[in-house]
Amino acid sequence: MKTYNWRPFLERWSADWLDSPGVRGRGDADETVLRDRWLGFPAAGEDRISELEERLGVTLPPTYRSFLATTDGWRPAGTAVGRVGAAEGVHWYGDPHGLQALHEGALDEYASEEEVLRAGMWGRALRLSAALDTVARDTAAPDSVAPDTVAPDTVEVLLDPGDPDANGEWAAYLHRGGAGGERPERHGSFMELMQALFREFHRAHADTPGFVNETTRELDADIEEARLACLDGEDIDGALDLLTEADECGRPRARGLRVQTEAMLSGGGGRGSRGGGGPADLRGVGRMDDPSYARELLPLAALEHVRAGHDEAAFLRALDEGDHDGDDRKQALALLREIDERTFRYEAPGPFGDAVASAREQARWGDTDGAWRTVAAAVAGWEPYGEEDIAPVGLLADPLLGPVITAERGRYLLETPRAGGRGAADDGDTEAPRARVDGLGWLAEETRPPAPDAYRFVLVHGVTPQELAGRIGEGPLSAPCDESEAGRAIRIGSCGVGGGDGAGAGSGSGGRETGEGSWSFAFESGRNGTEPSGEAVSRGTKSVTVWCERGGRSAALPGAFHFSYAEDGERVYGFTVRDGETEEWGPIPDALDPAHLFPDAGPGWDEEDAYDASNEDAGPGSYDATDSGGEGSWALDPDDEYESLDAIAEVFGVSLPRFAIRHGRLHAVAPS
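### Comments concerning the sheet that holds strand β2 (residues 126–127)
In any sheet, the strands associate via hydrogen bonds between backbone groups, in a parallel or an antiparallel arrangement.
Now for step 1: Strand order in the open sheet formed by five strands is β1-β2-β3-β4-β5, with antiparallel pairing between adjacent strands. One side of each edge strand has no neighbouring strand; the edge strands of this open sheet are β1 (91–92) and β5 (185–187).

Spelled out as structure tokens, the structure:
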């Protein structure tokens, strides 16, 4: 529940507190509060508010000023704060513990604007929490404060006039624990701070038997509405807002549903802006005998735990020990190790599970785009395990398929109607997203670190990736790995068909042939000092070999681009451009003529004629190879690199899978 009008908000808070179990049975409960069902006080008149502003020498921010016009203070109401906001008790904080010097001393050159404002807040803040004697005089029963909260005298409510917004609101802080407490909790205004305290009150009492009131009923209805909306693929952001509010108020169903929604919106690459940014807190969410928990939520929590670098003991502490016996914890640890070792396999019942198995095969050989289309086409047939299950979030923890589900794709899955909602999900497959053709030119687009400055690949027609691995490497294929894990190993996959007809140019024909089958690729990044040969791998078929070294500002690292086409073990045609010189062989098709692709290279290329274009007045030979301001004449022209790759893709109809190579996990083999 969110409201921006003080009276209904505070009346709701009063009613929820007074209807809490045991309140009326306490002999020390304030009779006025019980009679009037109001935790506030009479309103402060305009004269009293003006006197306060005159005493302080400031104009109060709007929401605090309107608060005083509604009630001159607020009694303790099930939170860690005593009486707050009364005009008589408001005064400048004065930084009694010297916290400003402490916080400002901890700032560094990378500190954000918010961190700088927070550090300087202490000496200028306005203190709204009442003095201890006032709290003792006006507070309701001491046991009205939740047992798991800190004492009222350890919490400060502060407003910072040095941090206003466009509406004149001051940043508001809850500072818990006195001088040695945690970092103060910032809110955009006094109204926002009070709403946070209201949610804290509900959170502290959520597990209390009989804690039922208008707010809990409203929040539980919101949870069900959000659940159905997610399953129907409707207004996902609005549904998440409802789940977030309910979760912050401690409603038991909200946590698991919120985690699932945020996880899908963040994708398998990590928690996004709407995600929590850390391991999911799943305490009280489920049990190991609940498949929705064990097969969907727990793998997600384990993945985030591994990413955060926490140990196994910390993972167990994150579980609800009351719901996990010894066997449960053993199963949880086994799952954690599968996630850490990347052996976890996400499985699901029914046709969606079959599609996941097919997609995993596609992904491990490089067809990540095809894997995504397989999953997307089948998600309408996904079967929830129960009413607390709204999305296949365990998929995000699969080491092969998790990276395929980007944030945009996760949203697509959520927006596809699924079983269990108000509407009827499609019985069959839905239309899959359109296939994307990456081509080869994207390799030339990635020129900034961490993209490598050199790469090489071999494309072989009509052989499987496994067969290609046997032709170029030695030893068994590795488990699927990403680019950094591969090291000097060569990654293997299927590259599919690109923009041409899938066959390639014939020997010397300069045209196209109609062929059958697809292409497989072997790809490696970086410089290894060897020039790969495509001739050996082309026996019984044909191959395309490309290697590129972009070069730099030193003659020791000249730019080079090599292309070679081979058939049945024999080199047919190709060229190498290195350090501005071109070597070519065989009847090269016009579309691949290096004179067109690299117009500045040739026998007459002269280093003295290549100098920094930004220093034209200096004349030839004036280029400083040690200058850090730009690349030297030994580097390849990125436009030439792009045009060459694009021409090769067009002539042979090939496409390397960008996502699979840069972000996916592929099998690899050691070079022979």
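### Side note on the sheet that holds strand β13 (residues 581–585)
Now for step 1: A sheet is described by the order of its strands in space; here nine strands give the open sequence β7-β14-β8-β9-β6-β10-β11-β12-β13, paired in antiparallel fashion. Both outer strands of the open sheet, β7 (473–474) and β13, are each paired with one neighbouring strand and no more.
Now for step 2: Relative to strand β14 (residues 668–671), strand β8 (residues 490–494) is paired through two bridges, and the arrangement is antiparallel. If you follow I490 over to β14, its bridge partner there is V669.
Now for step 3: Contacts from helix α19 (residues 465–472) reach β6 (454–461), β7, β8, β9 (519–525) and β14 within the one sheet, and its direction differs from that of β8 by about 150°.
Now for step 4: Taken strand by strand, helix α22 (residues 638–652) contacts β6, β9, β10 (542–549), β11 (560–567) and β12 (570–578), and its axis lies near 15° from that of β11.

### Some words on the environment of Q331
Now for step 1: Residue position: Q331 is located in helix α14 (residues 326–341).
Now for step 2: Take Q331: its relative accessible area is 43%, and that puts it in the partly exposed class.
Now for step 3: When the C-alpha positions of Q331 and A294 are compared, they lie 9.1 Å apart, and in sequence the two are 37 residues distant.

### Quick look at the pairing of β6
When a strand is regular, its side chains alternate between the sheet's two faces.
Now for step 1: Most of β6 is tucked away: eight of the eight residues are buried.
Now for step 2: Covered by surrounding structure in β6 are A454, R456, V458 and V460 together with Y455, F457, L459 and H461, the residues of both alternating faces.
Now for step 3: Sheet topology note: the β6/β10 ladder contains seven bridges and is antiparallel. What sits directly across from F457, in β10, is V546.
Now for step 4: In terms of strand pairing, β6 meets β9 through seven bridges, oriented antiparallel. Paired with V458 across the bridge in β9 is A522.

Rules used in this analysis
Residues numbered from 1 in each chain as written. Predicted model: local features only at pLDDT ≥ 70, side-chain atom pairs only at ≥ 80, totals over all residues. Heavy atoms only, no water. Pairing = 2+ DSSP bridges. Helix = DSSP H or I, 4+ residues; strand = E, 2+ residues; numbered from the N terminus. Contact = heavy atoms within 4.5 Å. Axes fitted to C-alpha atoms, helices over the stretch in contact; angles between N-to-C directions. Buried < 20%, exposed > 50% of the residue type's maximum accessible area, 1.4 Å probe, protein only.

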